[in-house]
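Understanding the architecture of this molecule
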Amino acid sequence: MNSENHNSFITNFKEELIVLSPGRINFIGEHTDYNNGFVLPTAIDKKIVFSFEKNNTETQCSVYSMSYDKMLHFDLNTIKVSEVEWENYILGVINELLKITNRLKGFHCIIKSELPIGAGVSSSAAIECGLAYGLNEIFNLELSKIELVELSQRAEHAYVGTKCGIMDQFASVMSEDQKVILLDCENQSYTLIDAHFEPFKIVLLNTNVAHSLASSEYNTRRNECEEVVKVIASEYKEVYSLRDITKKMLNEFKDSISTTLFERASYVIEENERVLQASKSLKSGDLKRFGELMYQSHRGLQNQYEVSCEELDFLVDFSENNDQVIGSRMMGGGFGGCTINLIHKDSIDDYLRTVKKAYKNQFDIDLTSFITVPSQGTSIQ
């Protein structure tokens, strides 16, 4: 469809429902969710906006992405994986909905994103959850929030091919304003913790690099973790995931697995403990300790889990040498995207000026940044 037809689609669009689906940040607990571990995420105030209308057909659907200036047409009777990546986030959700309901009918949708793609703020989960949430509402599908979370995760597994854990979708839907979520990914139990970071603010620094390794290495790390579990479960029948493995248990098998596998598992076990310590620190107002744990998390991701990159490491190194930045680490799958930083509110402007200059000098890339706050999960406007 050419841009003239796009304009016609937008002009004739009769908006019936608007859904706001946020990106998410994760303070600590990276790559632990698919290992049934602990995470500490929340939704942010940057969102994807979905506008919906029923089109009075049984099966014809059109979704227009303003970010890509692209239109996706599909028939509910012939859903299949697309060769165009962004389309699979849409089609995967539709596929999962069709498995569990016959109430879905033809619709039109316009998507407008405030989220930077590839920055590690999980624009993918925001797309999946926002679409599922809106269709659930407009067609009265009567699905619970947790059902929307789970089907969105399945959509990413089946149609996108990323074997992600539950954290991104959970945070996108279940977050509440000015709270962070301590989520146990083994059983989806969670605690909401007040997000008091004064006098510090949450600043994301976007490397503006997205290395091609990210998706393939993500699945590789998952496979490596499963390999460790398989070895240890052969002797410990109660072991089903890395969550069930203690450091003492892992040490017993140090000679039975490769150094790489040992380091991967060590990182996950240590990171789970860091998440629990960080949640206690936040509850008690010990932000200094909270920030220290963020730095430790990054070093684990850099040296043990090996999912960082030189641009991310440069930014964390730069933060660690500044006493106005109490915590910093890479966030997301890795190999690019953002660092999340806790910076004193009076020092943000000076800090951003110096770090952007240093980053440009080092990599000849423009560093972008934004300040964010813990916000409400997916909702109707």
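Below, the structure is looked at part by part. Everything quoted here is computed from the prediction, not taken from an experiment. (Residues numbered from 1 in each chain as written. Predicted model: local features only at pLDDT ≥ 70, side-chain atom pairs only at ≥ 80, totals over all residues. Heavy atoms only, no water.)

Let's shift gears to the packing of aromatic side chains. The geometry of two aromatic rings is summed up by the distance between their centres and the angle between their planes. For the structure shown, the criterion picks out 16 aromatic pairs. Among the aromatic residues, those joined into a ring-pair cluster are Phe 314, Phe 318, Tyr 351, Tyr 359 and Phe 363. (Phe/Tyr/Trp six-rings, centres within 6.5 Å; stacked < 30°, edge-to-face > 60°.)

Quick look at the packing of helix α2 (residues 85-100) against helix α3 (residues 123-138) now. The contact between α2 and α3 brings their axes to 9 Å, and the two run at 40°. Regarding the angle of α2 to α3, the classification is oblique. The way α2 lies across α3 gives a crossing that is right-handed. Contacts between α2 and α3 pair Tyr 89, Ile 90, Val 93, Ile 94 and Leu 97 from the former with Ser 124, Ile 127, Glu 128, Leu 131, Ala 132 and Leu 135 from the latter. Counted by class, the contact of α2 with α3 contains 9 nonpolar, 1 polar and 1 charged residues. (Axes fitted to C-alpha atoms, helices over the stretch in contact; angles between N-to-C directions. Helix = DSSP H or I, 4+ residues; strand = E, 2+ residues; numbered from the N terminus. Parallel < 35°, antiparallel > 145°, perpendicular 65-115°, else oblique. Left-handed = near helix turned anticlockwise from the far one by under 90°. Contact = heavy atoms within 4.5 Å. Nonpolar A, V, L, I, M, F, W, Y, C, P; charged D, E, K, R; others polar.)

Okay, helix α10 (residues 310-320) next. Those residues of α10 lying buried are Glu 311, Leu 312, Asp 313, Phe 314, Leu 315, Val 316 and Ser 319. Elements in contact with the buried residues of α10: β9 (200-210), α9 (287-303), β10 (325-331), β11 (336-344) and α11 (348-363). (Buried < 20%, exposed > 50% of the residue type's maximum accessible area, 1.4 Å probe, protein only.)

This next bit is on the pattern of salt bridges. Per the counting criterion, the structure on display carries 24 salt bridges. Close ionic contact of Glu 224 with Arg 221 constitutes a salt bridge, the shortest N to O distance being 3.8 Å. Note that Glu 224 and Arg 221 are positioned in helix α6 (residues 213-233) at a spacing of 3 residues, about one turn of the helix. Arg 353 is the partner of Asp 350 in a salt bridge, and the nearest nitrogen-oxygen pair spans 2.4 Å. Within this pair, Asp 350 and its partner Arg 353 are both found in helix α11, separated by 3 residues, close to a single helical turn. Residue Arg 353 is classed as exposed on the basis of its relative accessible area, which comes to 55%. (Salt bridge = Lys/Arg side-chain N within 4 Å of Asp/Glu carboxyl O.)

Moving on, we get to the sheet that holds strand β8 (residues 189-194). Taken in spatial order, the 3 strands line up as β2-β7-β8 in an open sheet, and their pairing is antiparallel. Both outer strands of the open sheet, β2 (38-39) and β8, are each paired with one neighbouring strand and no more. Alignment of strand β7 (residues 179-184) against β8, held across 6 bridges, turns out to be antiparallel. The partner of Val 180 across the bridge, within β8, is Ile 193. (Pairing = 2+ DSSP bridges.)

Our next topic: the environment of Gln 302. Relative to the elements of secondary structure, Gln 302 occurs in helix α9. Measuring from C-alpha to C-alpha, the distance between Gln 302 and Ser 21 comes to 31 Å, with 281 residues separating the pair along the chain. Once you skip the residues sitting within four places of it in the chain, Gln 302 turns out to touch Ser 308 and Asp 313. Polar contacts involving the side chain of Gln 302 include one to the side chain of Arg 299, which spans 2.7 Å. Of note is the side chain of Gln 302, whose polar atom sits 3.5 Å from the side chain of Asp 313. (Polar contact = N/O pair within 3.5 Å; in protein donor to acceptor, adjacent residues only side chain to side chain.)

Following both chains from N to C, one finds α10 and α11 inclined at 145°, their axes separated by 11 Å at the closest point. Of the two possible hands of crossing, α10 and α11 adopt the one that is right-handed. Touching Glu 310, Glu 311, Phe 314, Leu 315, Phe 318 and Ser 319 of α10 are Tyr 351, Thr 354, Val 355, Ala 358, Tyr 359, Gln 362 and Phe 363, all from α11. Broken down by class, the residue content of the contact of α10 with α11 amounts to 8 nonpolar, 3 polar and 2 charged.

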